[in-house]
Amino acid sequence: LSSSDLIYPIFLIEGKNKKQTIKSMPGVYRYSIDQLGMIINKVIKHKIPMVALFPSTPNNKKDKFGSESLNENNLVCKAIKFIKKRFKNNIGIMTDVALDPYTIHGHDGILKNDYVINDESVDVLIKQALIQAQMGCDVIAPSDMMDGRVGKIRKYLDKNKYHDAQILSYAVKYASNFYGPFRDAVGSKKSLKSDKKSYQMDFANSNESLREVALDIKEGADMVMVKPGLPYLDIIQKIKERFKIPVLAYQVSGEYSLIKNGINNGFINDEAIIESLMSFKRAGASAIVSYFALDIAKKLNFN
Ligand code: PBG
């Protein structure tokens, strides 16, 4: 395990000079854009190759259609521009393609009669992906779980000459109970009506994950993500063995909070962090998105 295996997620908020605590994720903060220079400096110093950006959008900018996702001056776009201007290609950026930070109902797509409608959602998502690429994002990461979106995003990016933007598909994303703190962090928790089971995967299913990955590879995904992490090591291993494509693991917010609270309470030794990250490597993950990334990179590089 080395710091080059890690991807560091960063939550963004509007305003200046802000570092906001997140109750459900002790030790993780929301930062205003002017704070990013300081954080990215640390990330680079500790040899982490990429950050993942997640916006916490103010409620007055949310609507039924997630229109703010297509605003070239939204929080994520501003952050990409800031980071690329200042750090060029010394740091990679990945951003989510999904509407949940921007919709009043907290779903990843557009609703009709309380159901997310696939194709109409994809029509918006391809535009969101292109805007992120235009801002300078390196890795476009659709996490919405609509069917067919990887192919349509690839086509749309290519048509607009963004051949080099890579696609990291959240191919296997389970409708999980471990996302709670994240939804709190981006402010979609209170607004989320019902659940995401009509588009995210049933956690009882294993073979479906292989079908999802096969489709996404065919549609042009460069890498695939399995999410959450620790409860799904079997899935990471299966995909890696079958497809030999880079498989990334996402140690999600609920996993982070469980371990972190255990450590803070003194019941769990902090070596548990390394143990959990090592398990992803053992299973075959090529990289790991983790809220522990910066702390652990410091430790790994010190030893
Ligand atoms: C939404 C999204 C989620 C996460 C990343 N992107 C949550 C969800 O599907 O509701 C979860 C990440 C985490 O829990 O750390 N597109």
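Preceding block: the structure.
The sections below set out a description of the structure shown in this document. (Residues numbered from 1 in each chain as written. Predicted model: local features only at pLDDT ≥ 70, side-chain atom pairs only at ≥ 80, totals over all residues. Heavy atoms only, no water.)

**A closer look at the overall build of the protein chain**
Test applied: Elements are defined by DSSP. Helices are runs of H or I of four residues or more, strands are runs of E of two residues or more, and each kind is numbered from the N terminus. The reference for a compact globule is 2.2 Å times residues^0.38; the radius of gyration itself is calculated from the C-alpha atoms. Here's how the labels work: a residue is buried when its accessible area is under 20% of the maximum for its type, exposed when over 50%, partly exposed in between, all with a 1.4 Å probe on protein chains only. Any two residues whose heavy atoms approach within 4.5 Å at even a single point are treated as in contact. Throughout, the Shrake-Rupley method with a 1.4 Å probe supplies accessible areas, and for residues the shown protein chains are the sole cover considered. In this count, Lys and Arg are taken as positive residues and Asp and Glu as negative ones, while His and the chain termini are left out. We put the charge of a Lys on NZ, of an Arg on CZ, of an Asp on CG and of a Glu on CD.
Looking only at helices and strands, the protein chain has 10 helices and 12 strands in total. Compactness check: the protein chain gives a C-alpha radius of gyration of 18 Å against a globular reference of 19 Å for 303 residues, within 12% of the reference. If you line up the protein chain on its principal axes, its C-alpha atoms span 50 × 45 × 40 Å. With 303 residues in all, the protein chain has 56% of them scored as buried. A sequence separation of at least 24 residues applies to 76% of the contacts in the protein chain between residues at least 6 apart. On the protein chain, roughly 13500 Å² of surface is accessible, and the fraction owed to carbon and sulfur atoms is 50%. Across the protein chain, 44 positive and 33 negative side-chain charges occur, with their mean positions spaced 6 Å apart.

**Thoughts on the environment of Val172**
Relative to the helices and strands, Val172 is located in strand β9 (residues 166–173). In this structure Val172 comes out as buried when scored by relative accessible area, which is 0%. Separated by 24 residues in the primary sequence, Val172 and Lys196 have C-alpha atoms spaced 14 Å apart. Setting aside residues no more than four positions away along its own chain, Val172 makes contact with Met201, Ser209, Val213, Met225, Val226, Lys227, Ile235 and Ile239.

**Observations regarding helix α7 (residues 233–243)**
Quick reminder of the rule: Starting at the helix axis, one direction is taken to each C-beta atom, and the arc is that of these directions.
Residues of α7 that are buried include every one of Leu233, Ile235, Ile236 and Ile239, and no others. Buried residues in α7, looked at end-on, bunch into an arc of 160 degrees, giving them a common side. Away from its buried face by more than 90 degrees, α7 exposes Glu241 and Arg242. Buried residues belonging to α7 abut β9, α6 (207–219), β10 (223–227), β11 (247–251) and α9 (271–283).

**Notes on the nonpolar core**
Put simply, the rule reads: The set of buried Ala, Val, Leu, Ile, Met, Phe, Trp, Tyr and Cys residues whose side-chain atoms join them within 4.5 Å is what this entry labels a nonpolar core.
Ile10, Phe11 and Met94 are the most contacted members of the largest nonpolar core, which has 103 residues in total. Among the elements that line this core, the one with the most residues is helix α3 (residues 118–135), at 9 residues. If near-sequence neighbours (up to four positions away) are discounted, Ile10 is found in contact with Tyr31, Leu36, Ile39, Ile40, Val51, Ala52, Leu53 and Phe54.

**Side note on the site of the ligand**
The condition that has to hold: Near, as used in this document, describes a residue that has one of its heavy atoms within 4 Å of the molecule or strand being considered. For this analysis, a polar contact is any N or O atom pair within 3.5 Å, provided that within protein one partner can donate a hydrogen and the other can accept it, and provided that sequence-adjacent residues contribute only side-chain to side-chain pairs. Here the term charged refers only to Asp, Glu, Lys and Arg, the term nonpolar to Ala, Val, Leu, Ile, Met, Phe, Trp, Tyr, Cys and Pro, and the term polar to all other amino acids, Gly among them.
Among the 17 residues in the neighbourhood of the ligand, the closest are listed as Arg183, Lys196, Lys227, Ser253 and Tyr291. Between the ligand and the protein, one listed contact pairs a nitrogen atom with a side-chain N or O atom of Ser143 at 2.9 Å. The contact in question runs from an oxygen atom of the ligand to an N or O atom on the side chain of Ser253, over 2.7 Å. Summarising the interface, the protein chains cover 100% of the accessible area of the ligand, which totals 400 Å² for the free molecule. Its residues assigned to classes, the shell around the ligand comprises 7 nonpolar, 3 polar and 7 charged.

**Some points on α6**
The condition is simple: Helix span, as expected, comes to 1.5 Å for every residue beyond the first.
Its 13 residues place the ends of α6 19 Å apart at the C-alpha level, agreeing with the 18 Å of an ideal helix rising 1.5 Å per residue. For α6, the set of buried residues is Ser209, Leu210, Glu212, Val213 and Asp216. Down the axis of α6, the sector holding all buried residues measures 160 degrees, keeping them to one side. Facing away from the buried side of α6 by over 90 degrees, the exposed positions are Asn207, Arg211 and Lys218. Its buried side turned inward, α6 meets α4 (149–159), β9, β10 and α7.

**Quick notes on the packing of aromatic side chains**
Note the cut-off: Ring pairs are drawn from Phe, Tyr and Trp, using the six-membered ring of Trp, whenever the two centres fall within 6.5 Å, and their geometry is named by plane angle: stacked under 30 degrees, edge-to-face over 60, tilted for the rest. Counting as a charge over the ring demands two things of the Lys NZ or Arg CZ atom: a distance within 6 Å of the ring centre and an angle within 35 degrees of the ring normal.
Per the counting criterion, the structure on display carries 10 aromatic pairs. Seen from their ring centres, Phe11 and Phe54 are 6.0 Å apart, and the 40 degrees between their planes marks the pair as tilted. Residue Phe11 is located in strand β1 (residues 6–12), and its partner Phe54 is located in strand β4 (residues 50–55); the two are separated by 43 residues in the primary sequence. The same class applies to Phe11 and to Phe54, which are both buried. With a centroid separation of 5.8 Å and an interplanar angle of 10 degrees, the aromatic rings of Phe11 and Tyr291 are classed as stacked. Pair noted here: Phe11 is in strand β1 and Tyr291 is in the loop between β12 (287–290) and α10 (293–302), with a separation of 280 residues, a long-range link. One exposure class covers both Phe11 and Tyr291, and it is buried. A connected cluster of aromatic rings, assembled from ring pairs, spans Phe11, Phe54, Tyr170, Phe182, Tyr250, Tyr256, Tyr291 and Phe292. The aromatic ring of Tyr170 is capped on one face by Lys173, whose charged end is 5.6 Å from the ring centroid. The lysine or arginine in question, Lys227, covers the ring of Phe182, its NZ or CZ lying 6.0 Å from the ring centre.

**Quick notes on the side chain of Ser169**
With respect to the helices, strands and loops of the structure, Ser169 is situated in strand β9. Those residues in contact with Ser169 that lie beyond four places of it in its chain are Pro142, Arg149, Val150, Asp216, Ala221, Met223, Val224 and Met225.

**Description of the packing of α3 against α4**
Describing two packed helices takes the angle between their axes plus the distance from one axis to the other. Put simply, the rule reads: Only the stretch in contact is used when fitting a helix axis, every axis being a line fitted to C-alpha atoms; angles between N-to-C directions are given from 0 to 180 degrees. Note on angle classes: values under 35 degrees are labelled roughly parallel, values over 145 roughly antiparallel, values of 65 to 115 roughly perpendicular, and the remainder oblique. With the far helix as reference, a near helix turned anticlockwise by less than a right angle produces a left-handed crossing, and one turned clockwise produces a right-handed crossing.
α4 packs onto α3 with a crossing angle of 45 degrees between their chain directions and a minimal axis gap of 9 Å. Judged by the inter-axis angle, α3 sits oblique to α4. Note that α3 runs across α4; the crossing there is right-handed. Here Val122, Ile126, Lys127, Ala129, Leu130 and Ala133 of α3 come into contact with α4, specifically with Arg149, Lys152, Ile153, Tyr156 and Leu157.

Interpretation in functional terms is not warranted from these geometric data alone.
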